[in-house]
Amino acid sequence: MAKFRLLPDEQLARSPFKQLWREFSRQHSAIAGLLIFSLFFLLVLLSAVLTPHDPYLQNDSLLLLPPSWSQQGLVQYPFGTDDLGRDLFSRLLVGARYTFGIAMITVMGALVMGLLLGTLAGMTKGLKSSVLNHLLDLALTIPSLLLAIIIVAILGPGLQNTTWAIMLALLPQFVHGIRNAIAEQLNQDYVIAYRLDGANNWQVFSRIILPNIWEKLTLMATMALSTATLDIAALGFLGLGAQAPTAEWGAMIADSLDLIYIAPVSVAIPGLLIFLAVLSVNLVGDGLRNAAKKRREN
Amino acid sequence: MILYLLRRLFLLCFVFIALTILAFSLGYLFPGEPLQNFTGLRHIPVNQLEQLSAEYRMDQGYIQQYLGYLTRVISGDWGMSFASEQGLLQEIKRLLPATLELAAYALLISFFIGIPVGIIAAIKPEGAVSKIISALAVTGYSIPIFWWALLLIMIFSLGLGWLPTAGRIGVLFEINHVTGFMLLDILLSDTQHQHEAMLNALRHMLLPTLVLATFPTTVMIRFTRDSMLEVWEQSYIKTARAKGLSRAQVLYRHALRNALLPVIRQIGLQFSTLITLAMITEVIFSWPGIGRWMIDSIYQRNYPAIQAGLLVISTLVITVNMITEILHTLFNPLARKR
Amino acid sequence: MKLTLGHTITMRATHSVLPMLLCTIIAVVGCQPQLPQTVRSGLVYCSEGSPETFNPQLVTSGTTIDAISQQLYDRLLDINPENGELIPGLAQLWQVSNEGKVYHFTLHPNVEFHQTEYFTPTRPLNAEDVVFTFNRIMNSQHPFHQQGGANYPFFQSVDWADLVTSVTAEAPNVVKFELSRPDSSFLSNLATDFAAILSAEYGQQLVTSGELALIDSKPIGTGPFRFKEYQKDLLIRYYRHKNYWRELAKPEQLVFDIVPNNARRMAKLFTHECDVVAFPRVSELGLISQRPDVSVQESTSMNIGFWAFNTAKAPFDNVKVRQALAHAINRDAILQAVYFGHATAANSVLPPTSWAFNPNLPVQQYDPLQAKQLLAEAGYPNGFSMDIWAMPVQRLYNPNALKMAELMQADLAQIGVRASIISYEWNSFRRKLGAYEHDSVLIGWSADNADPDNFFRPLLSCSAALTGSNRANWCDANFDLLISQALLTPDQKQRRSYYMAAQQYLAEQMPLLSIAHSQRFQAISSDIKGVKINPYGGIALANAVKDVE
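This one's a predicted model, so the numbers in the text were calculated from it and none came from an experiment.

Trainee: Even after reading the chapter, I still don't get the overall build of chain A, so can you show me in this structure?
Mentor: Along chain A, the regular secondary structure elements total ten helices and zero strands. For chain A, the C-alpha atoms occupy an extent of roughly 75 × 60 × 25 Å along the three principal directions. Within chain A, the proportion of its 298 residues that are buried is 46%. When contacts within chain A are restricted to residue pairs at least 6 apart in sequence, those whose partners lie at least 24 apart make up 68%.

Trainee: So what exactly am I meant to see when it comes to the overall build of chain C here?
Mentor: Each helix and strand in chain C was counted, giving 20 helices and 21 strands. In terms of C-alpha radius of gyration, chain C reaches 25 Å, essentially the compact-globule figure of 24 Å for 549 residues. Principal-axis analysis of the C-alpha atoms places the extent of chain C at approximately 85 × 60 × 45 Å. Counting only residues that meet the buried cut, chain C has 52% of its 549 residues in that class. A sequence separation of at least 24 residues applies to 71% of the contacts in chain C between residues at least 6 apart.

Trainee: Just checking my understanding: could you explain the interface of chain A and chain B for this structure?
Mentor: By a widely used convention, the size of an interface equals the accessible area lost when the partners come together. Each side of the interface is counted separately: chain A has 32 residues, and chain B has 35 residues. Within the residue set of the side of chain A that touches chain B, elements represented by two or more residues are α4 (127-141), α5 (144-155), α8 (201-238) and α10 (265-297) of chain A. Sorting elements by how many residues they give to the side of chain A that touches chain B places α10 of chain A first, with nine residues. Partitioning the side of chain A that touches chain B into residue classes produces 24 nonpolar, six polar and two charged.

Trainee: What's the story with the interface of chain C and chain A in this structure? I'm lost.
Mentor: In this assembly, 13 residues from chain C lie in contact with twelve residues from chain A. Counting only elements with at least two residues in the side of chain C that touches chain A, the list comes to α10 (262-270), α13 (331-337) and α15 (401-414) of chain C. Here the side of chain C that touches chain A gets four residues from one element, more than from any other, and that element is α15 of chain C. Of the residues assigned to the side of chain C that touches chain A, the class counts are seven nonpolar, two polar and four charged.

Trainee: Looking at this model, I keep getting lost on the UniProt feature "transmembrane region" (unreviewed entry) in chain A. Mind explaining?
Mentor: Residues and elements named next belong to chain A. Mapped onto this numbering, the UniProt entry gives "transmembrane region" (unreviewed entry) at residues 30-50, 98-123, 135-156, 217-240 and 260-285. When the span residues 30-50 is considered, its composition is 100% helix and 0% strand, and the gap between its end C-alpha atoms is 27 Å. The span residues 217-240 carries 92% helix and 0% strand; its end-to-end C-alpha distance comes to 30 Å.

Trainee: Hey, could you run me through the sheet that holds strand β13 (residues 303-309) of chain C in this one?
Mentor: All names here are of chain C. The six strands are arranged β14-β18-β13-β17-β15-β16 in an open sheet whose pairing can be described as mixed. One side of each edge strand has no neighbouring strand; the edge strands of this open sheet are β14 (343-345) and β16 (418-422). Across the sheet, the axes of successive neighbouring strands diverge by a mean angle of 30 degrees, strand direction being ignored. Taken together, the three bridges between strand β15 (residues 385-390) and strand β17 (residues 440-446) define a ladder with parallel strand orientation. Among the inter-strand pairings, W389 is bridged to a residue of β17, identified as V441.

Trainee: Could you clarify how one ought to interpret unusual backbone geometry in this entry?
Mentor: Negative phi characterises most residues that are not glycine, and trans characterises most peptide bonds. Residues and elements named next belong to chain C. Here A314 and P315 are connected by a cis peptide whose omega angle stands at 0 degrees. Structurally, P315 is set in the loop between β13 and α12 (319-328). Look at H272: it is not a glycine, yet its phi comes out positive at around 65 degrees. Position of H272 relative to the elements: it lies in the loop between α10 and β11 (276-278). For H272, a count of 14 C-beta atoms within 10 Å puts it in the partly exposed group.

Trainee: Mind showing me how you'd approach the pairing of β16 of chain C here?
Mentor: Residue and element names in this part refer to chain C. By the bridge criterion, five bridges tie β15 to β16 in an arrangement that is parallel. Residue I388 lies in a different strand from β16, and its bridge partner there is I421. Considered for its hand, the β-α-β crossover made up of β15, α15 and β16 is right-handed.

Trainee: In this structure, what is going on with the packing of helix α19 (residues 477-488) of chain C against helix α20 (residues 492-509) of chain C? I would like to understand it.
Mentor: What describes two packed helices is the angle between their axes and the distance between those same axes. All names here are of chain C. Where α19 contacts α20, the two axes come as close as 8 Å, and the packing angle between them is 160 degrees. The angle between the axes of α19 and α20 places the two elements in the roughly antiparallel class. Like other packed secondary-structure pairs, α19 and α20 cross with a definite hand, here left-handed. In this structure, α19 contributes N478, F479, L482, I483, Q485 and A486 to the contact, and α20 contributes R495, Y498, Y499, A501, A502 and Y505. Here the contact of α19 with α20 is composed, by residue class, of nine nonpolar, two polar and one charged.

Trainee: How should I be thinking about the nonpolar core in this particular structure?
Mentor: If you look at soluble globular proteins, the nonpolar side chains tend to sit buried side by side. A390, M404, L442 and L541 of chain C are the most contacted members of the largest nonpolar core, which has 178 residues in total. Among the elements that take part in this core, α15 of chain C stands out by supplying seven residues, more than any other. Ignoring anything within four residues of it in the chain, the contact list for L541 of chain C reads L43, Y45, Q71, L254 and V531 of chain C. Among the nonpolar cores identified, the runner-up in size contains 163 residues, and L240, A251 and V267 of chain A together with I318 of chain B belong to it.

Trainee: Looking at this structure, I do not really get α19 of chain C. What am I missing?
Mentor: Since the α-helix packs 3.6 residues into each turn, any two residues three or four apart lie on the same face. Residues and elements named next belong to chain C. Compared with an ideal rise of 1.5 Å per residue, which puts twelve residues at 16 Å, α19 spans 17 Å between its outermost C-alpha atoms and is within 8% of the ideal. All of the buried residues along α19 are F479, L482, I483, A486 and L487. Buried residues of α19 fall within an arc of 135 degrees about the axis and therefore sit on the same side. Opposite the buried face of α19, at more than 90 degrees from it, the exposed residues are A477, N478 and L481.

Trainee: Mind showing me how you'd approach the sheet that holds strand β7 (residues 174-179) of chain C here?
Mentor: Strand pairing in a sheet relies on backbone hydrogen bonds. The paired strands run either parallel or antiparallel. All names here are of chain C. If you walk across this open sheet you meet the four strands as β4-β5-β7-β6, and the pairing is antiparallel. A single partner strand is all that each edge strand has here, and the edge strands are β4 (91-97) and β6 (164-171). Across the sheet, the mean angle separating the axes of adjacent strands is 20 degrees when strand polarity is ignored. Relative to β7, β6 is paired through six bridges, and the arrangement is antiparallel.

Trainee: Please explain the packing of helix α2 (residues 28-50) of chain A against α10 of chain A as it appears in this structure.
Mentor: Residue and element names in this part refer to chain A. Packing of α2 against α10 brings their axes to within 8 Å, and their N-to-C directions diverge by 135 degrees. Considered as vectors, α2 and α10 are oriented oblique to each other. In this structure, α2 meets α10 at a crossing whose hand is left-handed. For the pair α2 and α10, the contacting residues are S29, A30, A32, G33, L34, I36, F37 and F40 in the first and L276, A277, S280, V281, L283, V284, D286 and G287 in the second. Here the residues of the contact of α2 with α10 sort into eleven nonpolar, four polar and one charged.

Trainee: Can you help me understand helix α16 (residues 426-434) of chain C in this one?
Mentor: All names here are of chain C. Along α16, the residues that are buried comprise W426, N427, F429, R430 and L433. Down the axis of α16, the smallest arc covering the buried residues is 160 degrees, so these residues share one side. Against β17 lie the buried residues of α16. Phi turns positive, to about 55 degrees, at Y436, one or two residues after α16.

Trainee: Sorry, what's going on with the confidence of the model for chain A here?
Mentor: As a note on interpretation, predicted positions should not be read in detail where pLDDT is low. Per-residue confidence for chain A averages 83 on the pLDDT scale, and 92% of its residues sit at or above 70. Here α4 of chain A stands out as the least confident element of chain A, with mean pLDDT 69; α2 of chain A is the most confident, with 90.

Trainee: Explanation requested: the confidence of the model for chain C in the structure shown.
Mentor: All names here are of chain C. Summary statistics for chain C give a mean pLDDT of 84 and a share of 92% for residues scoring 70 or more. Mean pLDDT values over the elements of chain C span from 41, in helix α1 (residues 2-26), up to 93, in strand β5 (residues 102-107). Interface predicted TM-score (ipTM) for the complex: 0.86; the corresponding pTM is 0.81.

Trainee: How should the pairing of strand β10 (residues 253-258) of chain C be read in this particular structure?
Mentor: Looking down a regular strand, the side chains alternate between one sheet face and the other. All names here are of chain C. The element β10 is largely enclosed, with a buried count of six among its six residues. Judged by which residues are buried, β10 turns out to be covered on both faces: Q253, V255 and D257 on one side and L254, F256 and I258 on the other are all buried. The pairing of strand β1 (residues 43-47) with β10 spans five bridges and is classified as parallel. In the strand pairing of β10, S47 is matched with I258. Where strand β9 (residues 235-240) and β10 come together, five bridges link them in antiparallel fashion. Note on β10: the bridge partner recorded for L235 is D257.

Each value, and the rule that gives it
- Residues numbered from 1 in each chain as written.
- Chains lettered and ligands numbered in written order.
- Predicted model: local features only at pLDDT ≥ 70, side-chain atom pairs only at ≥ 80, totals over all residues.
- Helix = DSSP H or I, 4+ residues; strand = E, 2+ residues; numbered from the N terminus.
- Buried ≥ 20, exposed ≤ 12 C-beta atoms within 10 Å, placed from the backbone.
- Contact = placed C-beta atoms within 7 Å.
- Rg over C-alpha atoms; globule rule 2.2 N^0.38 Å.
- Nonpolar A, V, L, I, M, F, W, Y, C, P; charged D, E, K, R; others polar.
- UniProt positions renumbered as here; feature names shortened; annotations may be inferred.
- Pairing = 2+ DSSP bridges.
- Axes fitted to C-alpha atoms, helices over the stretch in contact; angles between N-to-C directions.
- Right-handed = clockwise from strand over helix to strand, strands pointing away.
- Parallel < 35°, antiparallel > 145°, perpendicular 65-115°, else oblique.
- Left-handed = near helix turned anticlockwise from the far one by under 90°.
- Core = buried A, V, L, I, M, F, W, Y, C linked by C-beta atoms within 7 Å.
- Expected span 1.5 Å × (residues − 1).
- Arc of directions from axis to C-beta.
- pLDDT = per-residue confidence, 0-100.

Right under this line is the structure:
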């Protein structure tokens with residue numbers, strides 16, 4: 001190589017994203033999490049095509065069919081049917097859309113709103129900011145389920161209403177985190193230098209702050225995604241969220257609770273899926289966090 | 001310090017006022033007549049309508065109505081429950097201790113298990129023990145609580161028949177409500193079969209407490225571990241090590257205190273999640289606490305109860321938050337400046 | 001403050017804390033101590049819902065009746081569960097005179113009322129109590145008449161106020177009822193769980209103290225158990241009535257553990273937290289019979305599960321629409337999926353075991369094509385949207401209304417009717433039904449006595465429509481005429497012909513679609529003896545004995 005190396009380490013020459021990925025891919029658990037996560041993500045996109053049966057079709061002649069691995073099971077119905085003769089496998093596939101897909105949408109929504117409000121809070125100073133902060137403190141103290149209960153009480157139960165509730169419940173964390181991150185950035189010397197160059201607020205925000213808080217945003221989003229999935233499932237389970245016959249996983253557990261002795265599979269599998277989905281998100285989140293830490297240390 | 005406390009107190013008042021405004025506006029936002037939602041009387045006799053309207057200042061502006069509401073809340077007149085037609089405050093007084101009892105035991109467990117395990121995991125971050133702990137922690141962190149509770153019930157109650165599935169104590173035991181905390185009440189009661197009642201209550205308590213403790217314990221493990229690792233990197237630890245102190249000495253004298261400080265703060269921040277989880281746990285184990293009551297209130301369209309529940313639960317969370325923050329500050333003067 | 005509290009506890013508890021802790025540490029799970037008598041001989045009945053009140057006069061709901069009627073109260077007459085005949089209750093003997101318009105009842109001597117923390121009786125039951133009880137229903141000047149909204153649904157549905165002109169005490173132990181016309185169902189109605197006898201002395205005490213409302217929430221009766229406490233949605237606690245005039249109740253304590261969720265109720269049976277369980281799920285009967293520690297009791301029961309249309313609302317006011325909807329429902333699928341075959345398809349509201357049953361009714365056919373045609377004739381070729389209200393709890397006549405509604409939703413979709421399923425918590429549900437907020441509802445009726453009138457007047461008469469217990473909100477002069485004429489004659493043959501005609505008329509008008517007559521089940525722990533299913537009315541638990549080894 002050349003005599004003069006501008007950078008001491010080849011690693012540093014790579015883009016931050018590549019460095020992050022490098023650290024990330026060194027962790028087995030994170031990669032496993034990412035795989036499962038992608039699987040669920042594909043499921044959300046493709047479940048409508050993948051289902052072997054109509055998940056809402058009631059088949060009177062095949063009530064409570066046991067799973068295919070038992071003696072009386074049928075191969076066409078891998079997990080058997082429920083008490084109305086609907087194919088459990090298809091329902092579980094579609095359920096990914098409701099529980100996991102809607103959780104993603106919720107997080108997206110909360111992220112966008114959080115970015116708006118957080119920026120507003122972070123970039124402004126004085127009374128406005130102080131009032132906003134205190135309101136945030138208030139919002140942070142209301143447990144998400146309580147918020148959902150209040151919204152359901154006003155609007156009535158349903159998946160859509162609980163989506164709003166969860167979005168609202170996630171929002172304060174986002175605003176809080178984003179505001180702090182922005183405030184931290186604003187104090188950096190390079191921001192001041194850039195401002196002295198004549199950059200306006202928008203330029204500071206889009207050129208410097210956003211690229212620098214990107215990592216933090218992703219982390220927050222993964223954490224929020226696991227919370228949102230658990231909350232949607234929990235609300236469905238309590239009967240406040242998705243309503244029958246919607247094949248949301250939490251609601252499916254509540255539905256099949258009555259069959260817990262006859263068909264324990266119908267309780268066990270939706271729960272397992274929720275668990276796996278949340279686990280994958282958490283593994284990815286942990287992996288990202290570790291990778292980010294390691295990258296900064298290097 | 002006094003100034004700091006005063007500032008906190010002022011903030012508490014501010015948040016409380018915002019909260020009551022929210023609760024008050026719910027009276028209008030909920031379906032049905034605001035007067036019914038405020039009084040908690042579903043059928044208001046015609047001859048009382050006028051008198052009640054005047055009493056609740058329904059004919060005046062919103063601000064007057066709100067002030068009236070605030071006075072009533074402070075004086076303890078919280079209206080009635082649609083469902084039971086009892087005073088809400090009395091009902092909450094009966095239910096809240098049950099929730100607090102459950103949450104308190106779960107928090108204690110998470111303390112006594114989470115912190116030591118977290119420290120162990122931090123000693124050798126790349127070791128096998130630490131890996132196993134991390135794996136368990138992320139599992140506990142990801143498991144949906146209602147499913148976890150059902151699994152435990154299926155195994156320990158239905159499968160093995162060891163533990164009961166619901167309630168705080170066998171229904172045939174009649175324990176007078178004194179403090180509302182079951183174990184205390186049993187000790188205070190003058191029945192001759194205290195032993196049996198106590199044992200019965202503990203058997204009832206075991207599963208719900210375990211289920212509820214799962215999440216905070218894993219949070220505690222992860223947080224203690226991370227916090228320890230971070231502290232371990234600090235220069236004062238390195239200095240202490242360089243001075244020749246042993247690992248255990250450093251851990252005990254320098255690292256622990258600094259690592260546990262943020263943990264205290266964490267309790268406050270996690271408390272709101274804990275209450276959410278407690279509500280779900282109560283529903284599954286038919287635990288007669290305020291969470292189950294709130295969820296039943298939804299099914300029963302019991303709006304006054306939801307309004308009062310919001311006020312109580314949020315106040316509780318805010319207070320705990322505030323207390324942990326003050327404690328945190330007390331031990332860590334650095335935080336006061338902010 | 002805190003310190004002193006802690007101090008007293010330690011003072012009191014030191015002698016028990018140590019062994020307790022030891023016991024706990026050794027095995028929270030395994031330790032089985034010797035239990036005290038009140039706990040050991042106590043009985044836990046897991047019921048499916050909270051009672052609305054503690055006075056049977058005010059309700060028709062089976063949940064409430066099961067919980068209060070047979071436990072707290074006695075009636076003038078009782079029904080022999082073996083054959084449905086009337087037998088003496090509080091009335092030792094009775095005479096009918098003046099062409100069935102005057103009844104004399106002689107009361108049993110020395111019947112004691114409950115002694116509780118809030119009431120101590122000074123005298124046994126006498127004629128005044130009976131007069132007090134029935135005047136509350138019919139006399140608007142009675143101090144308690146307005147309590148609970150002056151609503152006495154069962155009595156209003158059988159036209160009580162119009163039928164009974166006076167109730168008087170002829171002697172301390174003789175009561176005279178005067179009727180405006182003969183009524184062949186009068187005695188049967190006195191034997192229903194609704195006709196419980198209250199205490200006039202307790203009423204007097206409440207008038208004096210001004211706490212009138214307590215009469216229905218802190219009950220006093222003469223029944224085998226006395227009231228101890230009620231925690232809403234949690235439990236009802238009764239203790240044995242020590243001075244009961246008949247054989248004393250076997251359990252010293254009786255607790256109704258309120259568990260609305262079916263699966264949870266079953267779980268509590270399996271973990272022996274419950275001794276007797278109301279309405280085990282029919283789908284799990286096989287499972288229960290496999291276990292040695294629990295058993296199932298089965299008996300035929302007089303009941304009907306039906307789908308009632310709110311006939312006062314469009315489009316259900318159109319008979320063609322109602323018939324179309326009836327034809328659209330696949331009842332065989334429902335019998336399989338909801339009743340698991342433990343029910344017979346219903347052709348009439350009246351069960352086939354009743355003597356007035358009409359065997360010549362046409363069988364209701366499942367025929368979506370005809371249903372579509374009828375809809376088109378009624379002017380709805382493209383169908384319409386409607387609500388199906390499904391009750392949230394399991395009842396004898398309908399073990400799973402929500403599931404039934406889901407099945408019907410799919411059936412109705414085939415004829416272009418878009419149904420949405422609505423359910424509320426049970427008490428709100430009944431309240432909203434009473435206000436006729438529904439389009440259609442899945443509900444039913446269990447007989448309180450063996451008289452066929454019990455299936456017609458409380459369910460479908462005009463007076464029932466007024467009180468809100470006529471789920472079809474149906475008031476038809478022809479039908480009312482048929483069933484009231486049947487009451488005027490004591491001749492069974494003639495009554496039967498009226499009831500046959502009434503059933504025929506119902507099949508044509510279709511205010512409700514009869515779905516099934518179900519068997520009644522009850523699951524009990526094997527160490528419990530002496531609990532029997534009563535085909536009429538509520539459950540009696542006074543003779544239950546727990547085997548303690």
